[in-house]
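Residue-level listing of the chains:
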Amino acid sequence: MKRKKRGLIGKVLLGLLALLKAVLVGIIALIAVCWLLFSGIELLWKAQEYKYYAQEENFVEVTGEVEHLAWNEEEERVAFSLTARPEGFVEATFDIEGDSFYIVADKGGAEHLKVGAVVTFMAAPRYFGDGYIVPAASLTVDGVELLSFEEGYENLLGMYRPFS
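Residues numbered from 1 in each chain as written. Predicted model: local features only at pLDDT ≥ 70, side-chain atom pairs only at ≥ 80, totals over all residues. Heavy atoms only, no water.

**Student:** What is the right way to look at the overall build of the chain in this model?
**Tutor:** Along its length, the chain carries four helices and seven strands. Of the regular secondary structure in the chain, the N- to C-terminal order runs α-β-β-β-α-α-β-β-β-β-α. Across the 164 residues of the chain, 32% fall into the buried class. Restricting to contacts in the chain with at least 6 residues of sequence separation, those with at least 24 account for 62%. (Helix = DSSP H or I, 4+ residues; strand = E, 2+ residues; numbered from the N terminus. Buried < 20%, exposed > 50% of the residue type's maximum accessible area, 1.4 Å probe, protein only. Contact = heavy atoms within 4.5 Å.)

**Student:** Would you mind showing me how to read the side chain of Ser 148 here?
**Tutor:** Tracing the sequence through the fold places Ser 148 in the loop between strand 7 (144–147) and helix 4 (149–160). By relative accessible area, which is 12% here, Ser 148 ends up buried. A polar contact is formed between the side chain of Ser 148 and the backbone nitrogen of Glu 151, at a distance of 3.2 Å. Setting aside chain neighbours within four positions, we find Ser 148 in contact with Ala 137 and Ser 138. (Polar contact = N/O pair within 3.5 Å; in protein donor to acceptor, adjacent residues only side chain to side chain.)

**Student:** So what exactly am I meant to see when it comes to the sheet that holds strand 7 here?
**Tutor:** Two pairing modes exist for strands in a sheet, parallel and antiparallel, and in both the strands are linked by backbone hydrogen bonds. Across the sheet, which stays open at both edges, the seven strands sit in the order 5-3-2-1-4-6-7 with mixed pairing between neighbours. Pairing within the sheet leaves two strands with one partner each, and these edge strands are strand 5 (134–135) and strand 7. As judged from the six bridges shared by strand 1 (residues 60–72) and strand 4 (residues 118–123), these two strands associate in the antiparallel manner. Paired with Glu 61 across the bridge in strand 4 is Met 122. Sheet strands in contact with helix 2 (residues 99–106) are strand 1, strand 2 (77–82), strand 3 (93–97), strand 6 (139–141) and strand 7, and its direction is about 90 degrees off that of strand 3. Contacts from helix 4 reach strand 3, strand 4, strand 5 and strand 7, with the element oriented near 20 degrees to strand 7. (Pairing = 2+ DSSP bridges. Axes fitted to C-alpha atoms, helices over the stretch in contact; angles between N-to-C directions.)

**Student:** Hey, could you run me through helix 2 in this one?
**Tutor:** The α-helix advances 3.6 residues per turn, and as a result positions three or four apart in sequence lie on the same side. Burial in helix 2 covers these residues: Ser 100, Phe 101, Ile 103 and Val 104. One side of helix 2 carries all its buried residues, which in axial view fall inside an arc of 160 degrees. Facing away from the buried side of helix 2, by more than 90 degrees, are the exposed residues Asp 99 and Asp 106. Looking one or two places after helix 2, you find Gly 108, whose phi comes out positive at around 85 degrees. (Arc of directions from axis to C-beta.)

It is worth stressing that arrangement in space is one thing and function is another; only the former is reported here.
Take a look at the structure:
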């Protein structure tokens, strides 16, 4: 049986296909390495947050007047900003999310937590970077307790526990 000879065009096409395959494999490998790198960094960052929040003595009581408010049921979160930045904090914006969000909502949080309301809550002042919102581990609005520190603190740690 005779072997067919490939012409110049056939050889060029095979070379291009091999080059294309190598480029695609390289791109896929680069994407995988970037994904693993960023996932690892996120895990390390979350572990640092857990280590900090696991120290109950880092939490301080904060009192202030609500200036801005955003309820987001899809994200299971309520964020609020105070009229003044509390001493020791970098920002004046805080949030409550996850199970704690539902506790606040079930206790009538939407009726109590409004712009102009005076809130008291426990939060830890460390700031973990641009865009970071400090979580509140308790919430009392105009004297009505919507989230106890015991419940809120446990829920907060529960959100970080998988990263510890």
